[in-house]
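Per-entry structural report
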Amino acid sequence: MSVTKSACLHTQLPSCNHRAFACLSRSKHTTADCGRKLFRTNANAYGNGTSDSGSSRVIMPGSQGAGNQRQQPPGRSGSSSGLILPGKGGAGKMPQLGNTPVNNFRPPPGFMDSLDAKQPVAEDPQKLLAKLKTGAGYWHELARALPALQRAGFDWLNIEAETGLERALQSIWTIAGQVYDSLKEQANFPQEKLKYFNPEDSEYKLYPMRILAVTARGPVAEYIADQDLNTTDSEVVIKAFKEHERRNGVKQGFAYTPADALAFKYYRDAGETRRKHEIRDFIDRGLAVAETERAKATLRAFIEEEAAPSAAASDPAQLAILRLTHEEMAFRAVAVVGNWATASAAAIQQAPSVKQQGPFSMFETHGQQQWVMMPAWSAVMAAAQPVAFSIDDCSKLDVLLQQTKKKEDKKRLQGKGLLLLDRAIPEVKDSEYYVVDEGGSLQLKTGSEVAGTGSPLARVLFCSRPPRAEMAETAYP
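Here is a short report on the structure shown in this document. Keep in mind that what you see is a predicted model, and the values were worked out from it rather than measured. (Residues numbered from 1 in each chain as written. Predicted model: local features only at pLDDT ≥ 70, side-chain atom pairs only at ≥ 80, totals over all residues. Heavy atoms only, no water.)

Observations concerning the overall build of the chain
Quick reminder of the rule: Where helices and strands are cited, they refer to DSSP runs of H or I of at least four residues and of E of at least two residues respectively, numbered from the N terminus. Accessible area is worked out with a 1.4 Å probe on protein chains only. A residue is then buried under 20% of its type maximum, exposed over 50%, and partly exposed in between. Contact criterion: two residues are considered in contact whenever any of their non-hydrogen atoms come within 4.5 Å of each other.
Check the secondary structure of the chain and you find 18 helices and nine strands. For the chain, with 477 residues in total, the buried portion stands at 34%. Taking contacts inside the chain between residues at least 6 apart in sequence as the whole, the part at least 24 apart equals 57%.

Considerations on the packing of aromatic side chains
As a reminder of what qualifies: Aromatic rings from Phe, Tyr and Trp, with only the six-membered ring used for Trp, were paired whenever their centres fell within 6.5 Å, and each pair was classed as stacked if the ring planes differed by under 30 degrees, edge-to-face if by over 60, and tilted otherwise.
Per the counting criterion, the structure on display carries ten aromatic pairs. Here Y196 and F197 contribute two aromatic rings whose centre-to-centre distance is 5.2 Å and whose plane-to-plane angle is 90°, an arrangement assigned as edge-to-face. Measuring from centroid to centroid gives 6.1 Å for F363 and W371, while their planes differ by 50°, and the two rings are tilted. Members of the aromatic cluster, joined through ring pairs, are F254, F264, Y267 and F302.

Digging into the environment of V250
Residue placement: V250 occurs in the loop between α9 (231–247) and α10 (258–272). Relative accessible area serves as the criterion here: at 38%, V250 is assigned to the partly exposed category. A C-alpha to C-alpha distance of 9.1 Å links V250 and A261, two positions eleven residues apart in sequence. Ignoring anything within four residues of it in the chain, the contact list for V250 reads H244, A255, Y256 and R294.

A closer look at the nonpolar core
As a reminder of what qualifies: Residue types Ala, Val, Leu, Ile, Met, Phe, Trp, Tyr and Cys, when buried and joined through side-chain atoms within 4.5 Å, form a set referred to as a nonpolar core.
Counting residues in hydrophobic clusters, the biggest one holds 51 residues, and the most contacted among them are L132, W173, L206, M209 and V220. A total of eight residues in this core trace back to one element, the largest contributor, which is α10. Excluding residues that lie within four positions of it along the chain, W173 makes contacts with L132, W139, L142, A143, L146, L165 and E203. Within the second largest apolar cluster, 23 residues are counted, among which are V337, V387, L413 and L444.

With respect to unusual backbone geometry
At D201, a position not held by glycine, the phi torsion is positive, near 75°. Within the fold, D201 resides in the loop between α6 (167–184) and α7 (203–206).

Considerations on the pattern of salt bridges
Note the following rule: For salt bridges, the criterion is a side-chain nitrogen of Lys or Arg within 4 Å of an Asp or Glu carboxyl oxygen.
Counting across every chain of the model gives 15 salt bridges. With a shortest N-O distance of 2.7 Å, D226 and K193 are connected by a salt bridge. Linking D226 in helix α8 (residues 214–227) with K193 in the loop between α6 and α7, this pair joins segments that are 33 residues apart in sequence. According to the relative accessible area criterion, D226 is partly exposed, its value standing at 48%. Salt bridges sharing common partners tie together K193, E222 and D226.

Quick notes on the side chain of T404
We count it as follows: Counted as a polar contact is a pair of N or O atoms within 3.5 Å, where, for protein atoms, one must be capable of donating a hydrogen and the other of accepting one, and residues adjacent in sequence contribute only when both atoms are in side chains.
The residue T404 is located in the loop between α16 (398–401) and α17 (407–412) in this model. A polar contact of 2.8 Å, which involves the side chain of T404, links it to the backbone oxygen of L401. The residues touching T404, leaving out its near neighbours within four places in the chain, are D409, K410 and L413.

Observations concerning the sheet that holds strand β8 (residues 441–446)
The condition that has to hold: Think of it this way: DSSP has to see at least two bridges between two strands before they count as a pair. For helices, the fitted axis covers only the stretch in contact; all axes are lines through C-alpha atoms, and the angles between them, taken along N-to-C directions, range from 0 to 180 degrees.
The sheet built from seven strands is open, its strands ordered β4-β3-β5-β6-β9-β7-β8 with mixed pairing. Two strands close off the open sheet at either side, each with one partner strand: β4 (370–375) and β8. Neighbouring strand axes in the sheet, compared pairwise and without regard to direction, differ in orientation by 40° on average. Two strands pair when backbone bridges link them, and strand β3 (residues 331–339) and strand β5 (residues 386–391) are joined in this way by three bridges, in the parallel orientation.

Thoughts on α6
Applied cut-off: Expected helix span is given by 1.5 Å per residue-to-residue step, counting one fewer step than there are residues.
Taking 1.5 Å of rise per residue, 18 residues should cover 26 Å, and α6 covers 25 Å from first to last C-alpha, within 8% of that figure. Along α6, the positions that sit buried rather than exposed are Q170, S171, I172, W173, A176, G177, V179, Y180, S182 and L183. Buried residues in α6 make contact with α2 (125–134), α3 (139–143), α4 (145–151), α5 (156–163), α7 and α8.

Put into structure tokens, the structure is as follows:
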């Protein structure tokens, strides 16, 4: 007779001795028959002493065998930590979940003494897990067991599996517990008000205080306790206090207290909304919580200003008010002393300069002098005595043609340009170009060429070109 392997349990158990059960014989056998033989043989291997003809009861490692004798798997000794099936455990033994006993009684007095803030938590991890599971004690007392368990090798997942304490709540307890301890250590914080944060869910009031400095937590916690705020309102006060500190609300009339910080929040909310009924509502809330007269006066002045009639409401004409940026005002006025084709040494030496001053960089000029506004580039701003010459066609200047390598680049040089110079020359460098006077004609020479000809008139900064026609609103010829 053939054997159908898919019906045999041992085809999926590579560790089994397939031949021990005559799986390759000609006789038929089923999965149930093979399974019974498998478990009987395993039971014999563990010392049960029961033959195939005996009981077919499944013996699990660590459970009771024949004669109520505890069975141990091979290679193990001592107390067993095997799986205990419900209703199958030994007589007189308390049911267990993993390694933690299920405690169905109230802990005795002094049970939580080892979790005092002043004592290091150095208790057996299994006992700490049991304390977290029973939930005996205040949340901040239980929170001190979490770091000790982590030091013992338990991560958040292990703790959650053993105690049912969710990982998110473990994180909240840890941080809120640190805030609680910082309040307890402050000498000026009323210790009796710490009791306000003992009940369950009080950790959610202290958790947001992690953003505050240690010295700022005391006044805020005291305000929350005095006003008996809920979790949502407590977080609003904490964030308002932090925002008051960041925006320096003291300069705007609000004292550095939780009450005035909350009033400052409503003051800012009123300034950010355009609905009149919301403005009034925010101001009323601010007046209700403000504790200093200066803060209240600031709030009243705001509502009075909003209530005053506006002249713009009755005038149909409108006038735009624009604010310039530093980038838009970043320029420098440079005198254009003539065209490079007819340039002279006298034009460079007599070039005027102006001083820009005021918020709009205003300057004064005399005569018919031409000026150009150059961007505030580093080369322009570093020039001590800038001066400029106009160029009719940059492609006619040999020095500029030498800077190009392709024919296309030379064609692009065609058109107007502006040659910017600096009359102040701290030192002559070989890597720069200079303006020299050769028999009444101005020439551009390198630093090495100028070395033996005397002092140059100016140093060349750069040659600028106007924007391309497609890049500017006005096309340049």
